[in-house]
Amino acid sequence: MAFLCQRDSYAREFTTAVVSCRPAELQREGRDGEKEVLSGFQVVLEDTLLFPEGGGQPDDRGTINGISVLRVTRRGAQADHFTQTSLAPGSQVQVQVDWERRFDHMQQHSGQHLITAVADHLFGMKTTSWELGRLRSVIELDSPSVTAEQVAAIEQSVNEKIRDRLPVSVRELSLDDPEVEQVRGRGLPDDHAGPIRVVTIEGVDSNVCCGTHVRNLSDLQVIKILGTAKGKKNKTNLVFLAGNRVLKWMERSHGTEKALTALLKCGAEDHVDAVKKLQNSTKLLQKNNLNLLRDLAVHIAHSLQSSLDCGRVVTLHRKEGDSEFMNIIANEIGSKETLLFLTVGDEKAAGLFLLAGPAEAVETLGPRVAEVLEGKGAGKKGRFQGKATKMSRRAEAQALLQDYVSTQSAEE
């Protein structure tokens, strides 16, 4: 038997009875991206309005007697509803579905069926898998490439069918019905039980499917194919939006366009040219700054040379600079007797460091300096450089170098 959510995808609430309720845990991703484990209960109902994940479609959200359902999964012919509050077996409960999420999934899933059928009909491109994502959906086509002209033809055809208001129907067939062999599908789950659901777009496609769908293609409103991307071996991923997602995408795009118009001081039709001009100006400035930085490095190196003394530690820190800046100074000085400790970056944040001098000393001290600065690096032939996460500990690193030099001097 199909669940109520499958028999009537437009139903938003109904009353049923609790069959069982057992303790369970749910692992999910928390707000900070870390995995978290929730304690709760798996509730089984006589029937359910909440779709359990399957067929490429995520599960529904909703409530049972006002209690939030955090996950719905299928187990054979049953659906498990995870809640953090127990429900008494045998009790009557009111189930409500998160309609905005449900209708969005209906639009995307029916949209996938339509695109799949049209891509196959027009170009013989078979769908091998699909994913209903949180912001956009992806259909994997069994084709090494899809041209822009083919994408445009698919998009035009699917939207024509939406405007034709073609009905979408759902039937149930027994496993031994000969018609099953004539229906498109990618196989049934190993634990499938009961009849087979067949979703038909009139005159376009019939497909074995367990998901929730619209009754008429007009409910899809519109489909927008955003483009394609290289998929797995000899596959192409087609990215699309259907229905309300297209409106939300247009709203975001319009907001971005308005912001760019204000920043660039020009109309939307001139945005690309304005950004290109800014990029060219930025490249020229970066080139000029790099030349000035190199000249400055040479000047600083010559200034430091006059203060070099065998057995000393010479240090220099600049907020602006890069690895090349530090290496130019080290190359210009070229001393193999003095420890040269150079750093660049914000003194209260992260940065870069370079240690140059006697090979044996640098080999010993380089990793220790990286440890003090809570960074990492590598080196050879009298030079060690790397990244530091705590430039604020630069004085500690300098003291470490000075202690080493003083100890070496005392031993000599």
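Residues numbered from 1 in each chain as written. Predicted model: local features only at pLDDT ≥ 70, side-chain atom pairs only at ≥ 80, totals over all residues. Heavy atoms only, no water.

The name recorded for the chain in an unreviewed UniProt entry is Alanyl-tRNA editing protein Aarsd1, from Dipodomys ordii. Its UniProt record gives the chain a comment under Sequence similarities (unreviewed entry), which states: "Belongs to the class-II aminoacyl-tRNA synthetase family. Alax-L subfamily." (UniProt positions renumbered as here; feature names shortened; annotations may be inferred.)

Moving on, we get to the pattern of salt bridges. Going through the model one piece at a time under the given rule, you end up with 20 salt bridges. Across the pair Arg102 and Asp60 runs a salt bridge, and its minimum N-O distance is 2.6 Å. In this pair, Arg102 sits in helix α2 (residues 99-123) while Asp60 sits in the loop between β2 (35-45) and β3 (62-64), placing the two residues 42 residues apart along the sequence. Judged by its relative accessible area of 0%, Arg102 falls in the buried class. According to the relative accessible area criterion, Asp60 is buried, its value standing at 0%. Note that Glu347 and Arg394 form a salt bridge whose closest N and O atoms lie 2.9 Å from each other. Taken together, the residues Glu347 in the loop between β16 (339-345) and β17 (351-356) and Arg394 in helix α8 (residues 394-411) connect sequence positions 47 residues apart. (Salt bridge = Lys/Arg side-chain N within 4 Å of Asp/Glu carboxyl O. Helix = DSSP H or I, 4+ residues; strand = E, 2+ residues; numbered from the N terminus. Buried < 20%, exposed > 50% of the residue type's maximum accessible area, 1.4 Å probe, protein only.)

What sets the pattern is the α-helix's 3.6 residues per turn: residues three or four places apart point alike. With 25 residues, α2 ought to run about 36 Å at 1.5 Å a step, and its terminal C-alpha atoms sit 36 Å apart, in line with that. If you check the start of α2, you find a side-chain oxygen 3.4 Å away from the backbone N of Glu100, and it comes from Asp98. Within two residues after α2, Gly124 carries a phi angle of roughly 70°, on the positive side. (Expected span 1.5 Å × (residues − 1). Polar contact = N/O pair within 3.5 Å; in protein donor to acceptor, adjacent residues only side chain to side chain.)

Moving on, we come to the domain arrangement of the chain. Along its sequence, the chain is carved into domain 1 (4-97), domain 2 (103-252) and domain 3 (294-409). The C-alpha centroid of domain 2 is placed 26 Å from the C-alpha centroid of domain 1. Taken residue by residue, the interface counts 16 residues in domain 1 and 18 residues in domain 2. Summing both sides of the interface, domain 1 and domain 2 together bury roughly 1,400 Å²; the carbon and sulfur share of this comes to 49%. Run the count over domain 1 and domain 2 and you get one salt bridge. Our count for the contact surface shared by domain 1 and domain 2 stands at nine residue pairs in polar contact (both at pLDDT 80 or more). Each residue belonging to the side of domain 1 that touches domain 2 can be placed in one class, and the counts come to five nonpolar, seven polar and four charged. (Domains from an automatic or database assignment. Contact = heavy atoms within 4.5 Å. Buried area = accessible area lost by both parts, 1.4 Å probe. Nonpolar A, V, L, I, M, F, W, Y, C, P; charged D, E, K, R; others polar.)

A separate point is helix α4 (residues 244-264). Given a rise of 1.5 Å per residue, 21 residues ought to cover 30 Å, and the 30 Å separating the end C-alpha atoms of α4 matches this to within 8%. Of the positions making up α4, those classed as buried are Arg245, Val246 and Leu264. The buried side chains of α4 occupy one side of the element, clustering within an arc of 95° when seen end-on. For α4, the exposed residues lying more than 90 degrees away from the buried face are Glu251 and Lys258. As for α4, its buried residues are in contact with α2, β8 (127-132), β9 (137-141), β13 (223-230), β14 (236-242) and α5 (271-305). (Arc of directions from axis to C-beta.)

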